[in-house]
Amino acid sequence: MSLPTPELHTARLRLRPFTDADAAPLYALHSSADVMRYWDSPPWTEPARAQRFLATCRTIEEEGTGARVAVDRDGAFIGWCGLTSWNPDFRSASLGYVFAPAAWGHGYATETAHAVLRWAFDALDLNRVQAETDTRNVASARVLEKLGFVREGTLREDCVVNGDVSDSWIFGLLRREWHPTAGA
């Protein structure tokens, strides 16, 4: 069962399916050590990784397990947001996002995730959305809390990237706690 990637709009942003033209800005984003410092893998070192990411986006759409959207501000790619691990039986999915440093601190992550969550709760009839963030990434934790997510626990030493061991916080958002007007 396929899950078509939506095109969504907010007051400032356009959220759209990825295209092959996104490979270069996607590589620039994921090859940045600054962007990837709290991620569960090291920065990309080869442009072909962007092509594999785009292929994975198509695969999860075709398999019906999720959807990832590119985020544009005034026509320029500033990041992405996605739902993965969609399970229609459990009515659950996982949320993730990555933004370029120039987009940090402007509320774009919150605005984007809010639009994706609104679509997901409406179109996919979700009951639960989960998200993880490195415990050192306080800004990402704030984004999730603004959206209504509750910190449910800590995964201790769950990531080892280039020898650096880190913990992750697990956040959950239930349908009954979702407020479509909060965080917008």
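What counts, and where the lines are drawn
Residues numbered from 1 in each chain as written. Predicted model: local features only at pLDDT ≥ 70, side-chain atom pairs only at ≥ 80, totals over all residues. Heavy atoms only, no water. Helix = DSSP H or I, 4+ residues; strand = E, 2+ residues; numbered from the N terminus. Rg over C-alpha atoms; globule rule 2.2 N^0.38 Å. Buried < 20%, exposed > 50% of the residue type's maximum accessible area, 1.4 Å probe, protein only. Contact = heavy atoms within 4.5 Å. Areas by Shrake-Rupley, 256 points an atom, 1.4 Å probe, with all protein chains shown as cover. Lys, Arg positive; Asp, Glu negative; His and termini not counted. Charge placed at Lys NZ, Arg CZ, Asp CG, Glu CD. 1 Å grid on protein atoms, 1.4 Å probe; cavity = no way out; pocket = protein on both sides within 12 Å on 5 of 7 lines; lining within 4 Å. Points joined across faces, edges and corners; volume = space filled by probe spheres on them. Expected span 1.5 Å × (residues − 1). Salt bridge = Lys/Arg side-chain N within 4 Å of Asp/Glu carboxyl O.

## Remarks on the overall build of the protein chain
Scanning the protein chain for helices and strands turns up 5 helices and 8 strands. For the protein chain, the N- to C-terminal ordering of α and β elements is β-β-α-α-α-β-β-β-α-β-α-β-β. The C-alpha atoms of the protein chain give 16 Å as radius of gyration, which agrees with the globular expectation for 184 residues (16 Å, within 12%). For the protein chain, with 184 residues in total, the buried portion stands at 46%. Restricting to contacts in the protein chain with at least 6 residues of sequence separation, those with at least 24 account for 62%. Surface exposure of the protein chain reaches about 9,200 Å², of which carbon and sulfur atoms provide 50%. Put simply, the protein chain has 19 plus and 24 minus side-chain charges, and the middle of one group is 4 Å from the middle of the other.

## Considerations on empty space enclosed by the protein
Here the structure, examined in full by the defined rule, presents 1 cavity of 30 Å³ or more. When its volume is computed, the largest cavity comes out at roughly 30 Å³. Every residue along the wall of the largest cavity is listed here: Pro-6, Leu-8, Ala-67, Val-69, Cys-81, Val-116 and Trp-119. Among the secondary structure elements, those contributing two or more residues to the lining of the largest cavity are strand 3 (67-73) and helix 4 (108-123).

## A short note on helix 4
Taking 1.5 Å per residue, 16 residues should reach 22 Å; helix 4 reaches 22 Å between its end C-alpha atoms and fits that length. Burial analysis of helix 4 places 13 of its 16 residues in the buried class, the great majority of the element. Immediately downstream of helix 4, the backbone of Asp-125 shows phi near 55°, a positive value.

## Quick word on the pattern of salt bridges
A full pass over the atoms with the stated rule returns 13 salt bridges. Salt-bridge contacts for Glu-111 lead to Arg-12; the nearest nitrogen and oxygen are separated by 2.6 Å. Of this pair, Glu-111 sits in helix 4 while Arg-12 sits in the loop between strand 1 (8-9) and strand 2 (14-17), placing them 99 residues apart in sequence. For Glu-111, a relative accessible area of 11% corresponds to the buried category. Classification of Arg-12 by relative accessible area gives partly exposed; the value is 29%. Here Glu-46 makes a salt bridge to Arg-52, at a shortest N to O gap of 3.3 Å.

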